[in-house]
Amino acid sequence: MVTNDRYTQYDTWAWLYNQTMGPQYSANQIRPLETLLLPALSAHARLLDLCCGTGQLVQELMQRGYSVTGLDGSEAMLDYAHQNAPQAEFVLADARRFHLPDQF
C-alpha cells in the first residue's frame, strides 16, 4: 500500500459501509461495466478503481480476470478492502490529487 494524502472522514463508518453500501454498490455497478466498458478491454486489462471503498467491486472485477488496483483515502476502508479482495493492490491516497504510473 502506497501512502500519499489521506483523510479520516470515512474511517468511522467504514464498518457500516462494508456491511451495507459496499456490497450493494458493487452489485449495482458491475452490470453497467459489463455492458459498457469490459467488452472493450483485453481479457487481463489493468484497471484502477478510484475511491474503491471496501473493495467489493475490486473483487468482482478480479473474479472476471482483470488486474485491479484500488485507491481510496480512507485507511479504514482499505483495511476492509484488503479482507474483501486480498489479491488486489491498494493505494492509500486522496483521489483529488494522486500520482500513479501510467499503467491502466
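Above this text you will find the structure in question.
For the structure given in this document, a descriptive report is provided here. (Residues numbered from 1 in each chain as written. Predicted model: local features only at pLDDT ≥ 70, side-chain atom pairs only at ≥ 80, totals over all residues. Heavy atoms only, no water.)

1. Points about the overall build of the protein
A tally of regular secondary structure across the protein gives 4 helices and 4 strands. Listed by position from the N terminus, the elements making up the protein come as β-α-α-β-α-β-α-β. For a compact globule of 104 residues, the expected C-alpha radius of gyration is about 13 Å, and the protein comes in at 13 Å, within 12% of that figure. Reported as C-alpha extents along the three principal axes, the dimensions of the protein are approximately 35 × 30 × 20 Å. Out of the 104 residues belonging to the protein, those deemed buried represent 38%. Here the analysis covers contacts within the protein between residues at least 6 apart in sequence; of these, 59% occur between residues at least 24 apart. If you sum the accessible surface of the protein, you get close to 6,100 Å²; carbon and sulfur atoms cover 52% of it. Charge-centre separation for the protein: the mean point of 6 positive side chains lies 4 Å from the mean point of 11 negative side chains. (Helix = DSSP H or I, 4+ residues; strand = E, 2+ residues; numbered from the N terminus. Rg over C-alpha atoms; globule rule 2.2 N^0.38 Å. Buried < 20%, exposed > 50% of the residue type's maximum accessible area, 1.4 Å probe, protein only. Contact = heavy atoms within 4.5 Å. Areas by Shrake-Rupley, 256 points an atom, 1.4 Å probe, with all protein chains shown as cover. Lys, Arg positive; Asp, Glu negative; His and termini not counted. Charge placed at Lys NZ, Arg CZ, Asp CG, Glu CD.)

2. Concerning the environment of Ser26
Topologically, Ser26 is positioned in helix α2 (residues 21-36). On a C-alpha basis, the gap between Ser26 and Glu60 in space is 7.6 Å, while along the polypeptide they are 34 residues apart. Discounting chain neighbours no more than four positions away, the residues touching Ser26 are Gln56, Leu57 and Glu60.

3. Description of the packing of aromatic side chains
Throughout the structure, instances matching the rule amount to 2 aromatic pairs. Taking 5.8 Å as the distance between ring centres and 55 degrees as the angle between the ring planes, the aromatic pair formed by Tyr10 and Trp13 counts as tilted. For Trp13, a relative accessible area of 27% gives the class partly exposed. Connected via pairs of aromatic rings, a cluster forms that spans Tyr10, Trp13 and Tyr17. (Phe/Tyr/Trp six-rings, centres within 6.5 Å; stacked < 30°, edge-to-face > 60°.)

4. Remarks on helix α4 (residues 75-84)
Along α4, the residues classified as buried are Ala76, Met77, Leu78 and Ala81. Of the surrounding elements, those touching the buried residues of α4 are α1 (14-19), β3 (67-72) and β4 (89-92).

5. Quick word on the state of the cysteines
By the definition in use, this model includes 0 disulfides. With no disulfide of its own, Cys51 has Cys52 as its nearest cysteine by sulfur position, at a separation of 8.1 Å. (Disulfide = S-S within 2.5 Å.)

6. Section: unusual backbone geometry
Even without being glycine, Cys51 reaches a positive phi, approximately 65 degrees. Tracing the chain through its elements places Cys51 in the loop between β2 (46-50) and α3 (56-63).

7. Structural notes on the nonpolar core
Judged by nonpolar contacts, the single largest core of 16 residues is most densely connected at Leu47, Val58, Leu61, Tyr66, Val68, Leu78 and Phe90. When contributions to this core are tallied by element, the ones reaching two or more residues are α3, α4 and β4. Ranked by residue count, the leading element in this core is α3, at 3 residues. The contacts of Val58, once residues within four sequence positions are left out, are Asp49, Cys52, Val68, Gly70, Ala85, Ala88 and Phe90. (Core = buried A, V, L, I, M, F, W, Y, C linked by side-chain atoms within 4.5 Å.)

8. Remarks on the pattern of salt bridges
Counted according to the given criterion, the structure contains 4 salt bridges. In this structure, Asp94 and Arg97 form a salt bridge, with 3.6 Å as the shortest nitrogen-oxygen distance. Judged by relative accessible area, which is 47%, Arg97 ranks as partly exposed. Here the salt bridges do not stand alone but share partners, grouping Glu34, Glu60 and Arg64 into one network. (Salt bridge = Lys/Arg side-chain N within 4 Å of Asp/Glu carboxyl O.)

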